[in-house]
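# Structural description and commentary
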Amino acid sequence: MPLPHELRATPPRLRPGLEADAAALADLARPFVRSGALRERPLTLYTARAADFLVAEGPGGSLEGCVGLRVYPDEEGDQGPAGVLYNFCVAGHRQGRGVGARLLRAALARSRDQGLEALYTATTGDGALFLRHGFTPATARPAPVSWVRSLDPRRNARILALTR
């Protein structure tokens, strides 16, 4: 008996983001921006920070998910070099199929390879995926100062942290 199409679907390939992905990253984020789950970011940011991203590329070359990992060097008052995961999203047709978990595991591995002592993220959702991967609720105090200053308090986002 043949498998249903959903089970036969080829998993997306994870790879580093490229400048050429900037428009596709913005398009992928758009539904999440409209829902209020993500902040709007200009195309120039996606272009300038494309190397921050890990992307899930579908068999046809379309982006089906992404997560940015921004590295913050030890800033005055910080606890050492840290990373921030941002703009984490998975296309609707790929949600619930492990794409987000694969992206998060790859981002965690990348952060370990870069020697980051802590990872932070801000979420307006329940953060369940992060919590399953060892993140815990945190205050802004130990997070990179410049990142904390960039947070929009009107979004009422919850900060989660993973320390090593």
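For the structure itself, look to the data block above.
Reading guide: rules and limits
- Residues numbered from 1 in each chain as written.
- Predicted model: local features only at pLDDT ≥ 70, side-chain atom pairs only at ≥ 80, totals over all residues.
- Heavy atoms only, no water.
- Helix = DSSP H or I, 4+ residues; strand = E, 2+ residues; numbered from the N terminus.
- Rg over C-alpha atoms; globule rule 2.2 N^0.38 Å.
- Buried < 20%, exposed > 50% of the residue type's maximum accessible area, 1.4 Å probe, protein only.
- Contact = heavy atoms within 4.5 Å.
- Areas by Shrake-Rupley, 256 points an atom, 1.4 Å probe, with all protein chains shown as cover.
- Pairing = 2+ DSSP bridges.
- Salt bridge = Lys/Arg side-chain N within 4 Å of Asp/Glu carboxyl O.
- Disulfide = S-S within 2.5 Å.

Once that is clear, we can look at the overall build of the protein chain. Across its full length, the protein chain carries six helices and seven strands. The linear arrangement of helices and strands in the protein chain, starting from the amino end, is α-β-α-α-β-β-β-α-β-α-β-α-β. Rg of the C-alpha trace for the protein chain: 16 Å, near the compact-globule value of 15 Å for 164 residues, within the 12% margin. Oriented by its inertia axes, the alpha-carbon framework of the protein chain measures out at about 60 × 30 × 30 Å. Every one of the 164 residues in the protein chain was classed for burial, and the buried ones make up 43%. The contacts of the protein chain with a sequence gap of at least 6 include a subset with a gap of at least 24, amounting to 70%. As presented, the protein chain carries roughly 9,100 Å² of accessible surface, and 54% of it is formed by carbon and sulfur atoms.

This part covers the sheet that holds strand S7 (residues 158-163). The seven strands are arranged S1-S2-S3-S4-S5-S7-S6 in an open sheet whose pairing can be described as mixed. Single-partner strands in this sheet number two, and they are strand S1 (13-16) and strand S6 (136-137). As paired elements, S6 and S7 share two bridges and run antiparallel to each other. In the strand pairing of S7, Pro-137 is matched with Leu-160.

This part is about the pairing of strand S2 (residues 53-57). Most of S2 sits inside the fold, with five of its five residues counted as buried. Covered by surrounding structure in S2 are Phe-53, Val-55 and Glu-57 together with Leu-54 and Ala-56, the residues of both alternating faces. Sheet topology note: the S1/S2 ladder contains four bridges and is antiparallel. Its bridge partner being in S2, Arg-15 is matched across the sheet by Val-55. Where S2 and strand S3 (residues 63-72) come together, five bridges link them in antiparallel fashion. Pairing of Ala-56 across the sheet is with Gly-65, part of S3. Counted along the chain from S2 to the antiparallel partner S3, the turn is five residues long, and its residue Gly-61 has a positive phi close to 95 degrees.

With that out of the way, let us pick up the pattern of salt bridges. What the rule picks out here adds up to six salt bridges. Note that Glu-57 and Arg-13 form a salt bridge whose closest N and O atoms lie 2.6 Å from each other. In this pair, Glu-57 sits in strand S2 while Arg-13 sits in strand S1, placing the two residues 44 residues apart along the sequence. Where Arg-154 meets Asp-152, a salt bridge forms, and the shortest distance between an N and an O atom there is 2.9 Å.

A few words now on the state of the cysteines. Scanning all chains against the criterion turns up zero disulfides. Note on Cys-66: no disulfide assigned, nearest cysteine sulfur contributed by Cys-89 at a separation of 3.6 Å.

Its location among the elements puts Tyr-46 in helix H3 (residues 43-48). With a relative accessible area of 1%, Tyr-46 lands in the buried category. Sequence separation of Tyr-46 and Leu-18 is 28 residues, and the distance between their C-alpha atoms is 9.3 Å. Beyond its immediate stretch of four places on either side in the chain, Tyr-46 contacts Ala-22, Leu-25, Ala-26, Ala-29, Arg-41, Phe-53 and Asn-87.

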